[in-house]
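The residues making up each chain are set out below.
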Amino acid sequence: MSADDLQLVGKCLAGDAAGLRAFVERFQNLVFGLCLRMLGHRHDAEDVTQDVFLRAIRSLHHWDGERPLEPWLLTIAANRCRTALTTRKRKVRSLVAEDPAAPQPTQLDLGDELELALATLRDEYRLCFTLYYAQELSLAEISKIIGSPEGTIKTWLYRARRELAQFLRDRGVAPVMNDHELQ
Amino acid sequence: MNCNDFEARLESMLEQPWAPRQNANARHLEDPELRSHLAGCPACHELWEANRLLDEAVTAWRVAPPSVEMADRILFALAQEPPAVPLPKAVAAHPVAQPAKNSTPATPVRRHGRRHAAPITLAVAMSGLAALVLLSVDWREPVADPAAVANLPNPPASVVVPVEPPSLKALAEPDVPVEELVRSAGSAYLALAQRAANVFEDATTGVIPAPTIPDPQQPLPEKSAPAWLQKVGDGLTPWQNRLGNTLDQWLDDSPAAKG
């Protein structure tokens, strides 16, 4: 926990409006990034990001100052994303059943292809993958955020990679560079 | 190295966080054992290529930042929500936190369930305990020995003698009069009800012990547990009498009795 973050939290708890704004601006990319990758929809991600910050700011007095702030925020964000995904599945199940063969874009760059592939993953795989690659967290940190054993996280991550790679191959996506070292 | 070793190697690469691992592919290829296996195994080579492709995709994976007014939106929402805990002073005083002149205050939701959580939990626990005791008791066992009850200093006016309810086999016997069967069954079920009441009383007394042993010569304190139980008993007595009278009347009016 950095001194800057402690100071920022102190300002928020003291009711300093500038502190609250700084708090949001300091962590909004972190939270929004996770929400957008989990939900795949910008508007939904902004709604959930707002919800995450409201909850976090209201719970700041419960936060343990000895622990880092980012994993705490990411835990709240992960839980809110899972709730949003569950709600969304209930809402759109009938729509998906009506149109199972929705047209998919064909000309995409590699990042967009990955985004498309991520949407096919199970929620927990997608969460692991996002926390590992986008937030660059270790397995131990992800384990604490999700609340599952490290071994499970590793397995989910490995399966996520395998499924994503398969999806990319099925889409005909080729590596940018060939592996000349092997030749 | 075989294919299992190769897969294990791929999996173990995940044990390091992503950022330091970005050039791990090249480092791993420096391993001659890995290189020779990949050169001779098309399946693992394909897997390796797929992983390389995924790593490239992750590197190209970008997320656009949130909209610029995200902070404004969050602060506005924070100020608008009814506070579960007192809002920070600066937020509460912010202009956006002030309600519009024509707005109506939100009706607070009252949570009745939480207010009565303890009594409800206690009641459920007591009922569950009584049910468990009832289930564990052999109901055919006599409630009390009538002779022993008669020797009590203050014997009750009537003692229900438990009788085993008639079996279906007995009902099929042509020589057993129907009113005999009904009377027998009624007595047995009354005894069962009495036992249930006793068990419930015991369980309640166990949960809410009386502060002192009441003096039989003195009236019970108004708010004591025994007084409360006595009130319950008094309230049930008319129902018990009514049930008995109805049963007797039915038996008297039956064709067998008239015959």
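Trainee: How should I be thinking about the overall build of chain A in this particular structure?
Mentor: If you tally the helices and strands in chain A, you get eight helices and zero strands. Start at the N end of chain A and walk to the C end: the helices and strands fall as α-α-α-α-α-α-α-α. Counting across all 183 residues of chain A, residues that qualify as buried make up 45%. In chain A, of all internal contacts separated by at least 6 residues, the share reaching a separation of at least 24 is 64%. Total accessible area on chain A stands at roughly 9300 Å², and carbon and sulfur atoms take up 50% of it.

Trainee: I'm lost on the confidence of the model for chain A in this one. Help?
Mentor: Atom-level detail of predicted coordinates should not be read off regions where pLDDT is low. Residues and elements named next belong to chain A. Averaged over all residues, the pLDDT of chain A equals 81, while 84% of them reach at least 70. Confidence drops under a pLDDT of 50 for residues 94-101, and excluding neighbours within four residues, the segment shows zero contacts in the predicted structure. Long-range and interchain partners of residues 177-183, a stretch whose pLDDT sits below 50, account for 14 contacts in this model, where long-range means more than four residues apart.

Trainee: How do you make sense of the packing of aromatic side chains when you look at a structure like this?
Mentor: Within a pair of aromatic rings, the relevant descriptors are the distance that separates the centres and the angle that separates the planes. Taken as a whole and assessed by the stated rule, the structure comprises eight aromatic pairs over all chains. With a centroid separation of 6.1 Å and 90° between ring planes, the pair formed by Phe 23 of chain A and Phe 53 of chain A is classed as edge-to-face. Of this pair, Phe 23 of chain A sits in helix 2 (residues 17-39) while Phe 53 of chain A sits in helix 3 (residues 42-58), placing them 30 residues apart in sequence. An angle of 80° between the planes, with centres 4.7 Å apart, marks the rings of Tyr 132 of chain A and Tyr 133 of chain A as edge-to-face. Three or more aromatic residues joined by ring pairs make a cluster, and in this case those are Phe 129, Tyr 132 and Tyr 133 of chain A together with Trp 61 of chain B. Over the aromatic face of Trp 61 of chain B sits the side chain of Arg 37 of chain A, whose NZ or CZ is 4.1 Å from the ring centroid.

Trainee: Got a minute to help me understand the confidence of the model for chain B in this structure?
Mentor: Residues at a pLDDT of 70 or more form 47% of chain B, whose mean pLDDT is 67. Ranking the elements of chain B by mean pLDDT puts helix 7 (residues 112-115) of chain B last with 50 and helix 4 (residues 42-59) of chain B first with 84.

Trainee: Help me understand the packing of helix 1 (residues 3-12) of chain B against helix 3 (residues 32-40) of chain B in this model?
Mentor: How two helices sit against one another is set out by the angle between their axes and by the gap between those axes. Residue and element names in this part refer to chain B. Between helix 1 and helix 3, the least distance of the axes is 11 Å, while the angle of their chain directions is 120°. Relative to helix 3, helix 1 is oriented oblique. Between helix 1 and helix 3 the crossing geometry is left-handed. For the pair formed by helix 1 and helix 3, the contact residues are Cys 3, Phe 6 and Arg 9 on the first element and Leu 34, His 37 and Leu 38 on the second. Counted by class, the contact of helix 1 with helix 3 contains four nonpolar, one polar and one charged residues.

Trainee: Any chance you could explain the side chain of Gln 28 of chain A here in plain terms?
Mentor: Within the secondary structure, Gln 28 of chain A sits in helix 2. In contact with Gln 28 of chain A, not counting residues within four places along its chain, are Gly 33 and Phe 53 of chain A together with Pro 66, Met 70 and Ala 71 of chain B.

Trainee: I'm lost on the nonpolar core in this one. Help?
Mentor: Burial of nonpolar side chains together is a common tendency in soluble globular proteins. All names here are of chain A. With 80 residues, the main nonpolar core has Phe 23, Phe 129, Leu 131, Tyr 133 and Ile 146 as its most contacted residues. With twelve residues, helix 2 is the largest single contributor of residues to this core. Apart from the residues within four sequence positions on either side, Ile 146 is in contact with Arg 82, Leu 127, Cys 128, Leu 131, Ile 153 and Trp 156.

Trainee: Explain unusual backbone geometry to me, please; I cannot follow it from the model alone.
Mentor: Even without being a glycine, Glu 136 of chain A presents a positive backbone phi close to 55°. If you trace the backbone, Glu 136 of chain A turns up in the loop between helix 6 (123-134) and helix 7 (139-146).

Trainee: Would you mind going over the interface of chain B and chain A with me for this structure?
Mentor: Often, the extent of an interface is quoted as the loss of accessible area upon association of its parts. Counting residues at the interface gives 54 residues for chain B, matched by 56 residues for chain A. Interface area for chain B against chain A, summed over the two sides, is near 5000 Å², with a carbon-plus-sulfur share of 63%. It is Leu 14, Leu 53 and Trp 61 of chain B in chain B that bury the most area against chain A; as a group they hold 16% of the surface buried on that side. At the boundary of chain B with chain A, the tally comes to five salt bridges.

Trainee: Explain the packing of helix 3 of chain A against helix 5 (residues 70-80) of chain B here, please?
Mentor: Contact pair helix 3 of chain A / helix 5 of chain B: the axes reach a minimum separation of 10 Å and the direction vectors enclose 55°. With respect to their mutual orientation, helix 3 of chain A and helix 5 of chain B come out oblique. The two elements helix 3 of chain A and helix 5 of chain B cross, and the hand of that crossing is right-handed. Taken together, the residues of helix 5 of chain B that come into contact with helix 3 of chain A (itself represented by Glu 46, Asp 47, Thr 49, Gln 50, Phe 53, Leu 54, Ile 57 and Arg 58 of chain A) are Met 70, Arg 73, Ile 74, Ala 77 and Leu 78 of chain B. Of the residues that constitute the contact of helix 3 of chain A with helix 5 of chain B, the class distribution is seven nonpolar, two polar and four charged.

The rules behind the values
- Residues numbered from 1 in each chain as written.
- Chains lettered and ligands numbered in written order.
- Predicted model: local features only at pLDDT ≥ 70, side-chain atom pairs only at ≥ 80, totals over all residues.
- Heavy atoms only, no water.
- Helix = DSSP H or I, 4+ residues; strand = E, 2+ residues; numbered from the N terminus.
- Buried < 20%, exposed > 50% of the residue type's maximum accessible area, 1.4 Å probe, protein only.
- Contact = heavy atoms within 4.5 Å.
- Areas by Shrake-Rupley, 256 points an atom, 1.4 Å probe, with all protein chains shown as cover.
- pLDDT = per-residue confidence, 0-100.
- Phe/Tyr/Trp six-rings, centres within 6.5 Å; stacked < 30°, edge-to-face > 60°.
- Lys NZ or Arg CZ within 6 Å of the ring centre and 35° of its normal.
- Axes fitted to C-alpha atoms, helices over the stretch in contact; angles between N-to-C directions.
- Parallel < 35°, antiparallel > 145°, perpendicular 65-115°, else oblique.
- Left-handed = near helix turned anticlockwise from the far one by under 90°.
- Nonpolar A, V, L, I, M, F, W, Y, C, P; charged D, E, K, R; others polar.
- Core = buried A, V, L, I, M, F, W, Y, C linked by side-chain atoms within 4.5 Å.
- Buried area = accessible area lost by both parts, 1.4 Å probe.
- Salt bridge = Lys/Arg side-chain N within 4 Å of Asp/Glu carboxyl O.

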